Amino acid sequence: MIKIENFEVMGWDHVIRGMRNPMNSWEKSDSGICKGGNNGIGCENCAEEMPCTHSYDHSWQLGKADHDLMMKLAKAGSVHGKFRRMITVYVDITAPLYWWKEFDTYKVGTVANSCSTMHKIHAKEFTLDDFSCEHLLNIDDNQLMDDLEQLGEDVLGILNTPVEDLQYTIGKLNAYRKLFLKTKNKIWWWQMIQLLPSSYNQKRTVMLNYEVLSNIYQYRREHKLDEWREFCQWIKKLPYSEIITCNVKGEDNA
């Protein structure tokens, strides 16, 4: 399970100025406030495919010339496309600890503030909704019963289903939580910390940039974890995401 919300993309004006510094080509920039017609950027100059859907709404829009230069530099690789490092993305992500463990590989160009398990693990009672368990098998899953029977051993009466195993762990976590709240003895806090499954969902507010997202998209879009594939689908919905995805072979980018 992964939930992505409250995202914001920032820095376009600064990015364009910096991108045009090497050739002193600032006068060729055509991004700005959409005013319709030929006044200001105008719908004719907008990088969005025609017909322009934001006519006269006085919103900032990326111009065609700036967009073309961005695509040219981005396709040339990370050295020429370094402007992508300046396009900043803020986003709230709720995901299981096993996903965050892989996300933490991306240290350069990222900052994150997380909800703390150290300080707040005991703040509320644990429930099944606190965990990513959409793939755990239950007693009603035929695959589980069929595979157990294939073992040729009498294990049906011994094994719980995976969902039951998680529910049992949640029950133990809640028992240790009650003991900690009542006694304030840190030993019971340790039982929660060290018993907590990696499927526990944690929320973080993250700062990324388009260069980091380009690396993520290139290497994680076909990952076995659903969370990575969903994250890469979200990347494709960001403004002008073709700037991010253009280094991937087979992608339909302008």
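The structure reproduced in this document is the subject of the present report. Keep in mind that this is a model prediction, so the values were computed, not measured.

1. Some remarks on the overall build of the chain
For the chain, the count of helices and strands is ten helices and six strands. Among the 254 residues that make up the chain, the fraction classed as buried is 41%. In the chain, 72% of the contacts between residues at least 6 apart in sequence involve partners at least 24 apart. Working note: accessible area of the chain is about 15000 Å², and carbon and sulfur atoms make up 51% of it.

2. Describing the side chain of Thr 169
By secondary structure assignment, the location of Thr 169 is in helix α6 (residues 162-183). Other than its neighbours up to four places away in sequence, Thr 169 contacts Leu 195 and Pro 197.

3. As for the sheet that holds strand β5 (residues 111-114)
Taken in spatial order, the four strands of this open sheet run β1-β4-β6-β5, and their pairing is antiparallel. The open sheet is flanked by β1 (3-10) and β5, the only strands paired with a single partner. Adjacent strand axes in the sheet meet at a mean angle of 20°, parallel and antiparallel pairs treated alike. Two elements, β1 and strand β4 (residues 88-96), share six bridges in a ladder whose sense is antiparallel. Across the sheet, the residue bridging to Glu 8 is Tyr 90, located in β4. This element, helix α8 (residues 210-220), spans β1, β4 and β6 (201-209) of the sheet and lies at about 120° to β6. Across the sheet, helix α9 (residues 226-235) touches β1 and β4, and the angle it forms with β4 is around 155°.

4. Things to note about the packing of helix α1 (residues 12-20) against helix α2 (residues 64-75)
Their axes nearest at 11 Å, the elements α1 and α2 cross at an angle of 65°. Considered as vectors, α1 and α2 are oriented roughly perpendicular to each other. Between α1 and α2 lies a crossing whose hand is left-handed. Of the residues in α2, those touching α1 at Trp 12, Val 15, Ile 16, Met 19 and Arg 20 are Ala 65, Asp 66, Leu 69, Met 70 and Leu 73.

5. Quick look at the pattern of salt bridges
Counted according to the given criterion, the structure contains six salt bridges. Glu 102 is the partner of Arg 220 in a salt bridge, and the nearest nitrogen-oxygen pair spans 2.8 Å. Taken as a pair, Arg 220 in helix α8 and Glu 102 in helix α3 (residues 97-103) lie far apart in primary sequence, 118 residues in all. Accessibility expressed as a relative area gives 23% for Glu 102, which makes it partly exposed. Note that Asp 130 and Lys 124 form a salt bridge whose closest N and O atoms lie 2.9 Å from each other. For Lys 124, a relative accessible area of 44% corresponds to the partly exposed category.

6. Considering the side chain of Arg 20
Looking at the secondary structure, you find Arg 20 in helix α1. If sequence neighbours within four positions are ignored, Arg 20 has contacts with Ser 25, Trp 26, Lys 28, Ser 29, Ala 65, Asp 66 and Leu 69.

Scoring rules and cut-offs
- Residues numbered from 1 in each chain as written.
- Predicted model: local features only at pLDDT ≥ 70, side-chain atom pairs only at ≥ 80, totals over all residues.
- Heavy atoms only, no water.
- Helix = DSSP H or I, 4+ residues; strand = E, 2+ residues; numbered from the N terminus.
- Buried < 20%, exposed > 50% of the residue type's maximum accessible area, 1.4 Å probe, protein only.
- Contact = heavy atoms within 4.5 Å.
- Areas by Shrake-Rupley, 256 points an atom, 1.4 Å probe, with all protein chains shown as cover.
- Pairing = 2+ DSSP bridges.
- Axes fitted to C-alpha atoms, helices over the stretch in contact; angles between N-to-C directions.
- Parallel < 35°, antiparallel > 145°, perpendicular 65-115°, else oblique.
- Left-handed = near helix turned anticlockwise from the far one by under 90°.
- Salt bridge = Lys/Arg side-chain N within 4 Å of Asp/Glu carboxyl O.

Honestly, that's just the spatial picture; any functional story needs more than this.
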